[in-house]
Amino acid sequence: MVWTQIHEPHRNEEKQVKGIYNDYFGDFGGRYVAEILRTPLDELERAWRESMDSDAYRSELQDLLVSYAGRPTPLLFAQNATRSCGGAQIFIKLEGLANTGAHKINNALGQALLAKRMGKGRIIAETGAGQHGVATAAACAKLGLKCRVYMGEIDIRRQRPNVFWMELFGAEVVPVVSGSKTLKDAINEALRDWAGSSTSTHYLIGSALGPSPYPDMVREFQSVIGREVEEEMRRLGLEVEALIACVGGGSNAIGFFAPFLGREKPRLVGVEAGGRGSGTGEHAARMGGFGTPGIVHGYKSLFLLDDDGQVGKTHSISAGLDYPGIGPQLASLGREGRIEFTRASDDESLAAVRFFASHEGLIFALESAHAGAAALEMAPEMPENRAIIVHMSGRGDKDLFILAKQLAGKGWRDFLLQEGREDEA
Ligand SMILES: *Cc1c(COP(=O)(O)O)cnc(C)c1O
């Protein structure tokens, strides 16, 4: 089956509630799927809308977000970092303190609870780095749902610790051996499963992308981040100049930015993976002229495509930003200019991890460190009476092996050799 098959969906203007149910964002978005997935997507959209209006559903989700995920996450004034940079005051939204270590749990809980409400006892998900797989497996363990996670064979090898956690939570991790054996192939496999299993199964997509209603739904589940930030700003009387977030598929960024999208201020800055250069296969930046409009995985957006129009190669030191597409709403807001896009390289992101660790005692996830790197560049150029907020979308415990190899040098290599892990040393 061809999942990039084009069925131009007709736009149902009546159905749209601008800001919440969009279907399309400018030219991007939509629902480009094989016929067989139309019904489950319609059903999902109806159930999601209805659940958003249900007090019972909302209060159950709210309870889980507080007592299980650990919300609200703190907003920290990074005093040492600010002093060292000299310039704008740097605040950090510590989303990495949420259970399972990143923002992904907000969406996983929202969708898993929705699946339960729809009477679906089985969840499938795709995962690249494994972060979304871990959040999904945890949510399923908590809510008593069966869970299967599709993961590229190569990613399984690269992200062993997350495979271990998923299995510990009781999920079945299925290796995907087709195509490039990475995330994009795992998505195809999950869609294929769903086409045959949708009556009993919910497909829990991990970022603000895919066919509608996923981009809207994931944004709404992640917007809890932005609402908390907005409330803190009000409480502290904080005038904020810019919000800065890393952008893979775009779920942490759109959730963080959500309450501010319809306003002129603050500046919203998305940071993509600059990798190790601007050539094909050296980065994962889709904005700034690198991406081409295309239709992949059921939605229209900007993608890194090769000369044959196929999904192209990407690279980033952070597995979570290493995806060829960008959520349709971010692509559209980038085009309109509401969101500015910039890039941070692998090396700049590593330097940011080191900086925030030594100045603030925080371990940024490598993904989030891209936002941190951009903040370190922006802050010194702004006056001291301005504030910026960096989104620490996740904590970096998961990156131990990559970080230690890069930052600790010989001592770490000796440790790996002693443990018999020559291939990683
Ligand atoms: C998955 C992940 C990302 C990238 O995904 P988005 O959908 O762009 O947010 C960023 N940061 C962390 C910590 C992640 O786990």
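Residues numbered from 1 in each chain as written. Predicted model: local features only at pLDDT ≥ 70, side-chain atom pairs only at ≥ 80, totals over all residues. Heavy atoms only, no water.

**Student:** An account of helix α12 (residues 346-360) is needed here, citing residue identities and associated values.
**Tutor:** The end-to-end C-alpha distance of α12, which contains 15 residues, comes to 21 Å, matching closely the 21 Å that a straight helix rising 1.5 Å per residue would cover. Along α12, the residues classified as buried are D346, S349, L350, A352, V353, F355, F356 and E360. Looking one or two residues past α12, G361 carries a phi angle of roughly 65°, positive in sign. (Helix = DSSP H or I, 4+ residues; strand = E, 2+ residues; numbered from the N terminus. Expected span 1.5 Å × (residues − 1). Buried < 20%, exposed > 50% of the residue type's maximum accessible area, 1.4 Å probe, protein only.)

**Student:** Quick rundown of the confidence of the model for the protein chain? Include the residues and the values.
**Tutor:** Considering every residue of the protein chain, the mean pLDDT works out to 93; 95% of them sit at 70 or more. A low-confidence stretch, residues 1-10 stays under pLDDT 50, and its non-local contacts, those more than four residues away or across chains, total 28 contacts. (pLDDT = per-residue confidence, 0-100. Contact = heavy atoms within 4.5 Å.)

**Student:** Requested: an account of empty space enclosed by the protein, with residues and values cited.
**Tutor:** Inspection of the entire model under this criterion finds two cavities of 30 Å³ or more. Where the lining of the largest cavity is concerned, the elements lending two or more residues are β5 (122-127), α5 (131-143), α8 (183-197), α10 (251-257) and α13 (366-378). Considered as a void within the structure, the second largest cavity measures approximately 50 Å³ in volume. Taken together, E126, I187, L191, Y203, I205, L209, G210, P211 and H297 form the lining of the second largest cavity. Residues belonging to the lining of the second largest cavity are distributed by class as follows: six nonpolar, two polar and one charged. (1 Å grid on protein atoms, 1.4 Å probe; cavity = no way out; pocket = protein on both sides within 12 Å on 5 of 7 lines; lining within 4 Å. Points joined across faces, edges and corners; volume = space filled by probe spheres on them. Nonpolar A, V, L, I, M, F, W, Y, C, P; charged D, E, K, R; others polar.)

**Student:** So, the side chain of T73: which residues are in play, and what are the values?
**Tutor:** The residue T73 is located in the loop between α2 (55-67) and β3 (75-77) in this model. Overall, the relative accessible area of 5% leaves T73 in the buried class. Among the polar contacts listed, one links the side chain of T73 to the side chain of R71, at a separation of 3.4 Å. At a separation of 3.0 Å, a polar atom in the side chain of T73 contacts the side chain of E95. When near neighbours in sequence (up to four residues on either side) are disregarded, T73 contacts K93, L94, E95, A98 and E228. (Polar contact = N/O pair within 3.5 Å; in protein donor to acceptor, adjacent residues only side chain to side chain.)

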